[in-house]
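Secondary and tertiary structure notes
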Amino acid sequence: EGDTEAAINSVDEAEGIIHALKLEESADGLAIMASKAGLLQRLGDVVKAKTIYESLLAKDYEEEDAREVQTSSHLNLAILNLSAGQIEEADKSVSEAIKGFEKLFVNEPDRILPSLLSAKYIKGLVLMHQGDLEASVSILEEASAMVSEKRPDLQDLCASELLEIY
């Protein structure tokens, strides 16, 4: 509990600095807010976390680092919505996350691959909740093929996820 309070205080202090320096629109400012939303999400304050994620998505940014924060926010929002049983909202958010990560993947495939795979896994879960098992398995197989090509050391992990679906 003490660590949690310390983490929240650190994020609040960083947020104060971001506001004082008027860096709210910068990639660093967005990253601080995303960190705060992530902490709130882990603490179970999903309403505040969701509000922050939605505010991070309210504007289009040109800077690639800012777009990456937004793309991650789409993924986290999808996870929140999926957990709350809001399947259609989760589907919209995860679809945006996949599009964003695919664009980022072109320039930095090794760094972006884990995030893209996470988004595809969440999309598979969304499709499963929608009753489309065939599409769910298809996207998980697609993710597995990406792992085979880029990170064969993780292939067994992806295979176990596919077997779980079957």
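Structure's up top.
All of these numbers come straight from a predicted model, not from anything done at the bench.

A short note on the nonpolar core
- Formed by 25 residues in total, the largest nonpolar core has its most connected members in Leu75, Leu82, Val94, Phe101, Ala119, Ile122 and Val126.
- No other element matches the 9 residues that helix 6 (residues 109-129) contributes to this core.
- Apart from the residues within four sequence positions on either side, Val94 is in contact with His74, Leu75, Ala78, Ala119, Ile122, Lys123 and Val126.
- Listed in part, the 15 residues of the second largest apolar core include Ala27, Leu30, Ala34 and Leu77.

A closer look at the pattern of salt bridges
- For the coordinates displayed, the defined rule picks out 7 salt bridges.
- Two residues, Lys123 and Asp91, come together in a salt bridge whose shortest N-O distance is 2.4 Å. Here the residue Lys123 occupies a position in helix 6, and Asp91 occupies one in helix 5 (residues 87-107), the gap between them amounting to 32 residues.
- Put simply, Glu108 and Arg111 hold a salt bridge, and the shortest N to O gap is 2.8 Å.
- One salt-bridge network, held together by shared partners, links Glu68, Glu108 and Arg111.

Here is what the cut-offs are and how they apply
- Residues numbered from 1 in each chain as written.
- Predicted model: local features only at pLDDT ≥ 70, side-chain atom pairs only at ≥ 80, totals over all residues.
- Heavy atoms only, no water.
- Core = buried A, V, L, I, M, F, W, Y, C linked by side-chain atoms within 4.5 Å.
- Buried < 20%, exposed > 50% of the residue type's maximum accessible area, 1.4 Å probe, protein only.
- Helix = DSSP H or I, 4+ residues; strand = E, 2+ residues; numbered from the N terminus.
- Contact = heavy atoms within 4.5 Å.
- Salt bridge = Lys/Arg side-chain N within 4 Å of Asp/Glu carboxyl O.

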